[in-house]
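Chain by chain, the residues run as shown.
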Amino acid sequence: MGSFIEFNDTLQITKEQGFPVRVLNLNRHKKNPIKLNDVKDKIFEFHDKPGARIYHPPSTRCFLVHNINGKWLYWGKIVVLEQTIKQGSSGNQTTSGKYKIIQIYDPDYQEQITKNESPKMVSYF
């Protein structure tokens, strides 16, 4: 017997898993770019990410990606402050945690990094 733990440098989450859509809105960001000061000192939470995952601890950054119907949209960099792996009654594991945004990409760079860093066929653009 063994165990499976995935190591991640990217927190890729949906709105249902806690992506902060009220704060990070692409249409608003393109018209009036969201600045780091807009989210400074805010702590965000994610939950029910399938599987046992370990994210890089601070001060090492992770990427923040919004999963929109299976398409990835890169937003910036975060530090994961807290993470918990839970075992469900069916034996499935999920990962939850808290993070702080440390960089928000400007809209032009956001499009470029999304196109270049997303896995094949899942770029939002």
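Summary of the structure given here. Since the model is a prediction, treat every value here as computed from it, not as a measurement.

Criteria and thresholds
- Residues numbered from 1 in each chain as written.
- Predicted model: local features only at pLDDT ≥ 70, side-chain atom pairs only at ≥ 80, totals over all residues.
- Heavy atoms only, no water.
- Helix = DSSP H or I, 4+ residues; strand = E, 2+ residues; numbered from the N terminus.
- Buried < 20%, exposed > 50% of the residue type's maximum accessible area, 1.4 Å probe, protein only.
- Contact = heavy atoms within 4.5 Å.
- Pairing = 2+ DSSP bridges.
- Axes fitted to C-alpha atoms, helices over the stretch in contact; angles between N-to-C directions.
- Salt bridge = Lys/Arg side-chain N within 4 Å of Asp/Glu carboxyl O.

### Observations regarding the side chain of histidine 29
So, step 1. By the secondary structure assignment, histidine 29 is in helix H1 (residues 26-31).
So, step 2. The class for histidine 29 is buried, based on a relative accessible area of 0%.
So, step 3. Other than its neighbours up to four places away in sequence, histidine 29 contacts Ile34, Trp75, Ile104, Tyr105, Asp106, Pro107 and Gln110.

### Comments concerning the sheet that holds strand E3 (residues 44-50)
So, step 1. Strand order across the open sheet formed by five strands is E2-E5-E6-E7-E3, with mixed pairing between neighbours. Taken across any chain shown, the strands that pair with only one partner, and hence form the sheet edges, are strand E2 (10-13) and E3. Between one strand axis and the next, the sheet turns by 45° as a mean value, whatever way the strands run.
So, step 2. Here strand E5 (residues 62-68) pairs with strand E6 (residues 71-87) via seven bridges, running antiparallel. Counted as the bridge partner of asparagine 67 is tryptophan 72 from E6.
So, step 3. In the packing of helix H2 (residues 107-117) onto the sheet, contacts are made with E5 and E6, and the angle to E6 comes to roughly 65°.

### Brief notes about the pattern of salt bridges
So, step 1. Counted according to the given criterion, the structure contains four salt bridges.
So, step 2. One salt bridge connects arginine 53 with glutamate 6, and the closest N-O pair in it is separated by 3.2 Å. Taken together, the residues arginine 53 in strand E4 (residues 53-55) and glutamate 6 in strand E1 (residues 6-8) connect sequence positions 47 residues apart.
So, step 3. Among the residues examined, arginine 53 registers a relative accessible area of 14% and is labelled buried.
So, step 4. Residue glutamate 6 is classed as partly exposed on the basis of its relative accessible area, which comes to 29%.
So, step 5. Salt-bridge contacts for glutamate 111 lead to lysine 115; the nearest nitrogen and oxygen are separated by 3.0 Å. With glutamate 111 and lysine 115 both in helix H2 and four residues apart, the pair spans about one turn of that helix.
So, step 6. Classification of glutamate 111 by relative accessible area gives partly exposed; the value is 27%.
So, step 7. Assessed through its relative accessible area of 41%, lysine 115 is described here as partly exposed.

Without other data, these values stay purely geometric and don't point to any function.
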